[in-house]
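These are the residues of each chain, in order.
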Amino acid sequence: MKKSTLFVIVLLLSVLLVACQGDGQKLAEELHIYNWSEYIDPEVFTAFEEEYGVKVIEDTFSSNEELLAKIQAGATGYDLIVPSDYMVEIMIEEGLLAELDHANIANIANLSALFSDPPYDPGLVHCVPYQWGTTGIGYNSDEIEPDSWAYIFDPTMAAEYAGQITMLNDSRESIGAALKYLGYSLNTTDEAQLEEAKQVLLATKPYIYSYDSDQFEDLIAADEVIYGHGWSGDYFAAAVEDERIWYVIPEEGGVVWADNLCIPATSKNKSTAELFINFVLQPEIAAQITNFTWYGSPVEAANEFIDPEILEEPAIYPSAETMERLEWIQDVGEATPLYERIWTEVKAAGQ
Ligand code: N2P
């Protein structure tokens, strides 16, 4: 065979390989991802498009409950969604997630043992862990050094910073923080404890600047507020630009969570979505994401590419001792409507 013929054959074969997935399906032209805000380096989308010719279109949500409501309401345009642990469990139960074809996601092998068999999705049947982090207090260190939830929930302490405090706009997170302040589990189903948490949230409401899950860190940078309840990585990422910003896990403890890449049952582009999941599980790409978000990566092999500053930060990769103070949010089953009612009442109070 002539060299040039061989070349043409090899070329054709590689074009075919790129155009087809393992299951023989053609790649989609576009992939629609519904994600948390500022949760991926946009360059990762560009790199995926350059490699496979698939354009990724992102839309964002602010809470697990908003994501669930949207999917329950029949939104069918999404190929990838990013629910947290407890929400994965709820979505599996409601039949909202497709099962993953692991044959298309060989890089699952790159996950650390800690994340390869999570209790909310044993065997990673439906989702693959994306990023993980904690919930605590972010602050302007020129002004304050908070170490306890009392800075948010003790009315005398909060009054000193009236109108300069934010809280997440998130039922489980915000009620959870109040429960932690009271010394209860953030997964309690005890109605008396939940009523107490509601009273704590109501008492501090007059001092809250806003309930915000998207720009809480920017509000500190803009000197609108001094501290707030929020997610670790967003504060740390903001600290790169504004050294005054820092983050702490309060002494009473906080939340540890993991968000996951999952494919809605209605996606028509499942194998392309699996190709994307496989793409972000590559060590260099996983590290690129963490270097952008300042959240922990479940991809163990990514560590060598992650900025040492991030790897060595104890509030991002907490010690075993700190881990003991952290709690995972779990599906509270029949108590869920009670949590939602309390949150609606807190939000509506004094309006
Ligand atoms: C990123 C938000 C983190 C997700 N901006 C919290 N589960």
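Residues numbered from 1 in each chain as written. Predicted model: local features only at pLDDT ≥ 70, side-chain atom pairs only at ≥ 80, totals over all residues. Heavy atoms only, no water.

Trainee: Honestly, the overall build of the chain in this entry has me stumped. Any pointers?
Mentor: When its secondary structure is counted, the chain shows 15 helices and 10 strands. Taken over the C-alpha trace, the chain has a radius of gyration of 22 Å; the compact-globule value for 351 residues is 20 Å, and the two agree within 12%. Along the three orthogonal principal directions, the C-alpha set of the chain runs to about 85 × 45 × 35 Å. The buried share of the chain, taken over its 351 residues, is 54%. For the chain, the share of sequence-separated contacts (at least 6 apart) that also reach a separation of at least 24 residues comes to 74%. (Helix = DSSP H or I, 4+ residues; strand = E, 2+ residues; numbered from the N terminus. Rg over C-alpha atoms; globule rule 2.2 N^0.38 Å. Buried < 20%, exposed > 50% of the residue type's maximum accessible area, 1.4 Å probe, protein only. Contact = heavy atoms within 4.5 Å.)

Trainee: Sorry, what's going on with the packing of aromatic side chains here?
Mentor: Aromatic ring pairs: the centre-centre distance and the angle between the two ring planes describe each pair. With the rule as written, the count across this model stands at 25 aromatic pairs. Their ring planes at 65° and their centres at 5.5 Å tell us that Phe236 and Tyr247 sit as a pair that is edge-to-face. Of this pair, Phe236 sits in helix α10 (residues 232-239) while Tyr247 sits in strand β8 (residues 245-248), placing them 11 residues apart in sequence. The pair Phe236 / Tyr247 is uniform in exposure class, with both members buried. Taken together through their ring pairs, the aromatic side chains of Tyr34, Trp36, Phe61, Tyr78, Phe216, Trp231, Tyr235, Phe236, Trp246, Tyr247 and Trp294 make up a single cluster. Against the face of Tyr86 rests Arg172, its NZ or CZ located 5.4 Å from the ring centre. The ring of Tyr339 carries Arg172 above its face, with NZ or CZ at 4.6 Å from the centroid. (Phe/Tyr/Trp six-rings, centres within 6.5 Å; stacked < 30°, edge-to-face > 60°. Lys NZ or Arg CZ within 6 Å of the ring centre and 35° of its normal.)

Trainee: Honestly, the state of the cysteines in this entry has me stumped. Any pointers?
Mentor: Among covalent bonds in proteins, the disulfide is the one between the sulfur atoms of two cysteines. Evaluation of the coordinates by the stated rule reveals one disulfide. Across the disulfide from Cys127 sits Cys262; the S-S distance is 2.2 Å. Disulfide Cys127 to Cys262: torsion about the S-S bond roughly 110°, handedness right-handed. Residue Cys127 is located in strand β4 (residues 127-140), and its partner Cys262 is located in strand β9 (residues 254-262); the two are separated by 135 residues in the primary sequence. (Disulfide = S-S within 2.5 Å.)

Trainee: How do you make sense of the nonpolar core when you look at a structure like this?
Mentor: A general tendency of soluble globular proteins is for nonpolar side chains to be buried together. With 82 residues, the main nonpolar core has Ile81, Met91, Phe276 and Ile277 as its most contacted residues. When sequence neighbours within four positions are dropped, the list of residues in contact with Ile81 reads Tyr34, Leu67, Ile71, Met91, Leu97, Asn260, Leu261, Cys262 and Pro264. Judged by nonpolar contacts, the second largest core, of 31 residues, contains Ile152, Leu194, Tyr227 and Val248. (Core = buried A, V, L, I, M, F, W, Y, C linked by side-chain atoms within 4.5 Å.)

Trainee: In this structure, what is going on with the environment of Asp59? I would like to understand it.
Mentor: Position of Asp59 relative to the elements: it lies in strand β2 (residues 55-61). By relative accessible area, Asp59 is classed as partly exposed at 33%. Counting along the chain gives 27 residues from Asp59 to His32, while the straight-line C-alpha distance between them is 7.7 Å.

Trainee: Quick question: what am I supposed to make of a negative patch on the surface here?
Mentor: Together, Asp190, Glu191, Glu195 and Glu196 line one region of the surface with negative charge. Considering the arrangement of structural elements, one finds Glu196 in helix α8 (residues 191-204). For Glu196, a relative accessible area of 34% translates into the label partly exposed. (Patch = residues over 30% accessible without salt bridge, like charges linked within 9 Å, V, L, I, M, F, W, Y side chains within 5 Å. Areas by Shrake-Rupley, 256 points an atom, 1.4 Å probe, with all protein chains shown as cover. Salt bridge = Lys/Arg side-chain N within 4 Å of Asp/Glu carboxyl O. Lys, Arg positive; Asp, Glu negative; His and termini not counted. Charge placed at Lys NZ, Arg CZ, Asp CG, Glu CD.)

Trainee: Is there a simple way to think about the confidence of the model for the chain in this case?
Mentor: Close reading of the predicted structure is inappropriate where its pLDDT is low. In this model, the chain carries an average pLDDT of 94, and 93% of its residues clear a pLDDT of 70 or more. Taken as a whole, residues 18-24 scores under 50 in pLDDT and shows 13 contacts with residues more than four places along the chain or in a different chain. (pLDDT = per-residue confidence, 0-100.)

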